[in-house]
Each structure stands twice: as structure tokens, then as C-alpha cells.
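# Chain and residue survey
So the chains spell out like this:
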There are 2 protein chains.
Amino acid sequence: MGTLNVVGIGPGAKEHMTILAYETLKESDIIVGYTKYIALLTEEFDGIKKISTGMGSEEERCRMALDEASKDSNVSLICSGDSVIYGMAGLVYELLSDYENVDVKVIPGVTAAISGSSLIGAGIGNDFSVISLSNYLTDKEDTYKRLRACAEADLVIVLYNPVSNKRPDCLSNACDYLMNIIPHDRVCAVAKNIGRENECYEVMTLKELREFKADMFSTVFIGSSNTVCVNNKFVTRRGYKV
Amino acid sequence: MGTLNVVGIGPGAKEHMTILAYETLKESDIIVGYTKYIALLTEEFDGIKKISTGMGSEEERCRMALDEASKDSNVSLICSGDSVIYGMAGLVYELLSDYENVDVKVIPGVTAAISGSSLIGAGIGNDFSVISLSNYLTDKEDTYKRLRACAEADLVIVLYNPVSNKRPDCLSNACDYLMNIIPHDRVCAVAKNIGRENECYEVMTLKELREFKADMFSTVFIGSSNTVCVNNKFVTRRGYKV
């Protein structure tokens, strides 16, 4: 019986990894992952065999990891952030029926909504939603329906994949849409390179967010009516009377 | 200049703590927290002074932590799960203007939506929302508005605080409400005692969830139309064609 650990490594720096994720990786025979995530691993993992694949080859990557695990190996498939949130755990379970003798373990990690929320202040201190703006696997119509629903219901909205080379106007278009629903001065924030070199954040209004140059390493926070800017921090009040 | 670290300790077990959270606690002069969370800390932290307060005294707890930090101490205020999600970080920022010479650091942690999602399978593999059913700080009307919006927008919904001694029918009432919006056989799951003794989970339909005996240590997952039950796991498909 081989083991496939699907491991969320957090935003990047070792310190944001859970102790379980760290120990699981250290004990692995093989670590499989997207090329850029493999590159995030520190030299402590140098002695372990690595297999990396490019973007868009997610099924191939999962099958490679399952193939190796089915040879009685202890394999870890790494995901940036969490192992489930826009990660590989679901796909592994879907493919698992093709493989015998593989035990799957899913190890959670700190996703960008959470690490970013701490970086910008206290971002998601009340009911919230996480929505990816990527149209790679979700129709744009469904994404916009979700944006409208969450904005109308006064949830904090965390946006993943706000722009890409193929979708340079994706975030500004979403802002235009949201400005029809919530006030233009709604408190927003962008966290960039969370837990990595050049980590930074900026608090701004929704109108300013429309003009902001976000990139593929940005996580975007749209505040609720309970979000305030306190000392340049994005803070969502839970409702305590102070 | 004293420091107040607001630390998310994850679900309970040390292994689910991030390395940064663990090291921050180890280096603290004082650890402040809700009585039950202080009790989760292992004996490794025995040598550190602890201050605990009961449920409902959140402002008092934050002020105690800020008071101690303002005396040039390195204080950690612990939160179960994440430090921000229904945690203390927001309240600390709101109170901070009353204190001089305190540097606040917010250390993220693995919240129950994420640890539970890994336990039940791959729970939140696509766009999702987190909603607390507690009416302590949020009006029931707002909560129901959010439930409707997220169900109609086909988000996975993670419910925190599904029941309490004062709200024994809270989850079943929410299920009754949701059954008017989404199919009665929608895949749902409950994770109990995540990362603690007697950890367990159960996958069921929405109709079965209505009758399920959840408790204060339960986290509830309401699937989207992309959620399937695979080998008794709750798996939300991201959309890969396999």
C-alpha cells in the first residue's frame, strides 16, 4: 500500500507551513508539484526526489503522483496555499478509482484568503466568500452571478486569480460590475506576494481598486459594510460594541 | 515597545499549527486566551504564564492582552482556528487606539472550514462561503439572506456555530430554509472535533442533515451542484473533465 499525501504548503515561506505539512514532506520519497511551487521548497528538502509539471497539466500531475504512490512509495503532491481550495485534492479523489493500493491523505494549508487577511489587518473577521475570477474552469456568467449574490448579501469577498496575461482587464471589469451594487468608496485591499519576497499590501476604495495594477500574485479583498480602514489596515468588524 | 501577537492555533492538535504560530507561542512571556483554548495547549508551553477568560468576555480578554503587552511584554492572544475568522484580531485593532507602544502582529491559522474540508474529503475545491449561524453578533435575517444568496449562486457553504444550548434547532431550521432553494439530496457533511480527540465526519444528504445531531464542535458543509460523494468522501469538483 503506497501513500499519496496531498499537501497544502501555505503561501510559500516555510514558517507558514503547518508542522504536519512540514513533517509529511520531510518523510516523503518523492515530491510532485507545479514547477513554480517545487521552486518554493527550501534546501532542507534537497535530498528528496522531485517531479514537476507545468501549468494546465493538472490531471497529468495527479496521475504521475498516483502512479508513483501505487509503487509502494510515500509520495507528496504539493499545492500552494491549501490542498483543497483550487487545489489538487478533489481531482485526486476523482482519479483514485483507476488506482489500487493507494491511501490518500489530505493535509490542509493556509490559503491566501487567510494569510492575506492577516497581512492586510483583519480581513475576513465575519461571514465571507472566496471566488476565483479565472474563467479556465468556471463560466464568466457563473462568476458574475456569485459576485452579485455575495455583494448583495454583504459578505466580504476574497478574489483569487484577479488577472492573468490573457485576462488583463478581468479585475477592473469585476469592479465596474460591483460598483453597480455596492458604494464606490467601499474599503478594499490587495495583498501581493504573500509570504514571499516583496510581500506588500495596499488598502484602497473600490473605485481605486478598479485602476489598481494587480498581478497573478495578488489576492484581492472587497470589504463588507462592516469593513473599516483603521491605521491603514483593512479591518472587518465582527459586531462587538466598542 | 511591547508586542501583541494574535495567533491562530488551528483546530487543536499541535501538528496543525503553523511553524510560525508554534515558535511565536514558545517565545511568548504570556499567553492569553479563552479557557477552553488555553486547555488545548500541550505541556511544551507549561513554563509560560497563562491568563484565561470565559466565553462572552472577548473585549475584556483583548484589553487584558493589550494591557500586558503595553508593559513591554511579548504577549500572545490565542484564537482557535484562524486569528481573524470569527477571531480576535479585528477587535484588537479596534481597541488599539487606547494603547500606546504596542506592536500588533497577526499570525494566521488553519480555520475549521479548511481543516474540516480536508477531513471530509475535498470539501471546498471551488468557490465557497463561510457563514456563522450564531445570532450573538449577527441578526438572523442577515444570516438567512446570506444563506439564500450563496445557495442560489451555487457556492459551497460552510456553517460555523451550527447549534448551541440556546439554539438547539438552529441547524434544522437552516436546513428547512435551504430545502426551499436547493435539492433535498444535495451532498452535505458534518466534521466533528476536527484535530481533537474523537475526530470524525459523516457525509449525508441535506434532508438527512436536517435530522442530524450536530453539536458546538461541529462544522457543517453544504455542497454545491458540483459536489459529489466519492467513496464516502465529500468532494467538490473544480471542473476538470476526467
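## Comments concerning the interface of chain B and chain A
- Counting residues at the interface gives 64 residues for chain B, matched by 64 residues for chain A.
- Taken together, both faces of the contact between chain B and chain A bury some 5,700 Å²; the carbon and sulfur share is 64%.
- In this assembly, chain B and chain A are joined by 6 salt bridges.
- Arg146(B) is the partner of Asp154(A) in a salt bridge, and the nearest nitrogen-oxygen pair spans 4.0 Å.
- Here chain B is connected to chain A by 24 residue pairs in polar contact (both at pLDDT 80 or more).
- Top contributing element to the side of chain B that touches chain A by residue count: helix H4 (residues 89–95) of chain B, with 6 residues.
- Here the side of chain B that touches chain A is built from residues that sort into 32 nonpolar, 17 polar and 15 charged.
- Two elements, strand E7 (residues 128–132) of chain A and strand E7 (residues 128–132) of chain B, share 3 bridges in a ladder whose sense is antiparallel. Bridge pairing links Val130(A) to Phe128(B) in E7(B).

## Some words on the packing of helix H6 (residues 140–152) of chain B against helix H7 (residues 170–178) of chain B
Residues and elements named next belong to chain B.
- The interhelical angle for the contact between H6 and H7, taken along N-to-C directions, is 45°, at an axis separation of 10 Å. When the interaxial angle is binned, H6 and H7 end up oblique. Taken as a pair, H6 and H7 cross one another with a handedness that is right-handed. Of H7, the residues touching H6 (which contributes Tyr144, Leu147, Arg148 and Ala151) are Cys170, Asn173, Ala174, Tyr177 and Leu178.
- The residue makeup of the contact of H6 with H7, split by class, is 7 nonpolar, 1 polar and 1 charged.

Scoring rules and cut-offs
- Residues numbered from 1 in each chain as written.
- Chains lettered and ligands numbered in written order.
- Predicted model: local features only at pLDDT ≥ 70, side-chain atom pairs only at ≥ 80, totals over all residues.
- Heavy atoms only, no water.
- Contact = heavy atoms within 4.5 Å.
- Buried area = accessible area lost by both parts, 1.4 Å probe.
- Salt bridge = Lys/Arg side-chain N within 4 Å of Asp/Glu carboxyl O.
- Polar contact = N/O pair within 3.5 Å; in protein donor to acceptor, adjacent residues only side chain to side chain.
- Helix = DSSP H or I, 4+ residues; strand = E, 2+ residues; numbered from the N terminus.
- Nonpolar A, V, L, I, M, F, W, Y, C, P; charged D, E, K, R; others polar.
- Pairing = 2+ DSSP bridges.
- Axes fitted to C-alpha atoms, helices over the stretch in contact; angles between N-to-C directions.
- Parallel < 35°, antiparallel > 145°, perpendicular 65-115°, else oblique.
- Left-handed = near helix turned anticlockwise from the far one by under 90°.

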